[in-house]
Amino acid sequence: MGRSITASVVLVWMLVGLNVGACAQEPSWPEVKCARYKKAWSEALSRMGKTGLGHEFLDRHEFFLASGCATQADVCPRSTEELALANMMVVAAMNAGTASTFPPFACKKR
């Protein structure tokens, strides 16, 4: 009888596991775009480093990533290095299948 109970418990756990797996959803297109963009950002920073990138630029960009890439564009590149990185990220975003308007780069008129 012990084996029968053990087999039943194992069967129940297997069915529960299959059911949970069946309920898992594929990521949405905005989530996919953000994941691709985050990866490209990480790779770009690894290649370029942070020299010439200001705290405001990095902090605003981090806020964009933390929001799931959903906040309004307000990361303003001011230095030569920031502009080069922003341009690189626009190209990377387009190569990843997103629109060139996906990255968060924009400068408000003052």
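What you are looking at is a predicted structure, and each value in this text was computed from that prediction instead of being measured.

A look at the overall build of the protein chain
Part 1 of the reasoning: Regarding its fold elements, the protein chain presents four helices and zero strands.
Part 2 of the reasoning: For the protein chain, the α and β elements follow one another from N to C terminus as α-α-α-α.
Part 3 of the reasoning: Evaluated residue by residue, the protein chain yields a buried proportion of 25% over its 110 residues.
Part 4 of the reasoning: Pairs at least 24 residues apart make up 71% of the contacts formed inside the protein chain by residues separated by at least 6 positions.

Observations regarding helix 2 (residues 29-48)
Part 1 of the reasoning: When the terminal C-alpha atoms of helix 2 are compared, their 28 Å separation across 20 residues agrees well with the 28 Å that a helix rising 1.5 Å per residue should span.
Part 2 of the reasoning: Of all the residues in helix 2, the buried ones are Lys33, Cys34, Tyr37, Ala40, Trp41, Ala44 and Leu45. Looking down the long axis of helix 2, one finds its buried residues gathered within 135 degrees of arc, a one-sided arrangement. Seen from the open side of helix 2, the exposed residues pointing more than 90 degrees away from its buried face are Lys39, Ser46 and Arg47.
Part 3 of the reasoning: Contact partners of the buried residues in helix 2: helix 3 (55-66) and helix 4 (80-95).
Part 4 of the reasoning: At the exit of helix 2 stands glycine 49, carrying a positive phi of roughly 80 degrees.

Here's the deal with the packing of helix 2 against helix 3
Part 1 of the reasoning: Contact geometry for helix 2 and helix 3: axes closest at 11 Å, N-to-C directions at 150 degrees. Considering their axes alone, helix 2 and helix 3 lie roughly antiparallel with respect to each other. As helix 2 runs across helix 3, the sense of the crossing is left-handed. Facing helix 2, whose interface residues are Cys34, Tyr37, Lys38 and Trp41, helix 3 presents Phe57, Leu58, His61, Phe64 and Leu65.
Part 2 of the reasoning: Split by residue class, the contact of helix 2 with helix 3 holds seven nonpolar, one polar and one charged.

Examining the nonpolar core
Part 1 of the reasoning: Tyr37, Trp41, Phe57, Leu85, Met89 and Phe105 are the most contacted members of the largest nonpolar core, which has 19 residues in total.
Part 2 of the reasoning: Counting residues per element, this core draws most heavily on helix 2, which supplies six residues.
Part 3 of the reasoning: Apart from residues no more than four positions distant in its own chain, leucine 85 is found in contact with Trp41, Ala44, Leu45, Met48, Leu53 and Phe57.

Some details on the packing of aromatic side chains
Part 1 of the reasoning: Enumeration over the complete set of coordinates arrives at five aromatic pairs.
Part 2 of the reasoning: With centroids separated by 5.8 Å and ring planes inclined at 85 degrees, the aromatic side chains of tyrosine 37 and phenylalanine 64 adopt a geometry described as edge-to-face. Of the two residues, tyrosine 37 sits in helix 2 while phenylalanine 64 sits in helix 3, which places them 27 residues apart along the sequence. The pair tyrosine 37 / phenylalanine 64 is uniform in exposure class, with both members buried.
Part 3 of the reasoning: A relative accessible area of 2% means that tyrosine 37 is categorised as buried.

Here is what the cut-offs are and how they apply
- Residues numbered from 1 in each chain as written.
- Predicted model: local features only at pLDDT ≥ 70, side-chain atom pairs only at ≥ 80, totals over all residues.
- Heavy atoms only, no water.
- Helix = DSSP H or I, 4+ residues; strand = E, 2+ residues; numbered from the N terminus.
- Buried < 20%, exposed > 50% of the residue type's maximum accessible area, 1.4 Å probe, protein only.
- Contact = heavy atoms within 4.5 Å.
- Expected span 1.5 Å × (residues − 1).
- Arc of directions from axis to C-beta.
- Axes fitted to C-alpha atoms, helices over the stretch in contact; angles between N-to-C directions.
- Parallel < 35°, antiparallel > 145°, perpendicular 65-115°, else oblique.
- Left-handed = near helix turned anticlockwise from the far one by under 90°.
- Nonpolar A, V, L, I, M, F, W, Y, C, P; charged D, E, K, R; others polar.
- Core = buried A, V, L, I, M, F, W, Y, C linked by side-chain atoms within 4.5 Å.
- Phe/Tyr/Trp six-rings, centres within 6.5 Å; stacked < 30°, edge-to-face > 60°.

Limitation: the analysis is restricted to geometry and does not speak to function.
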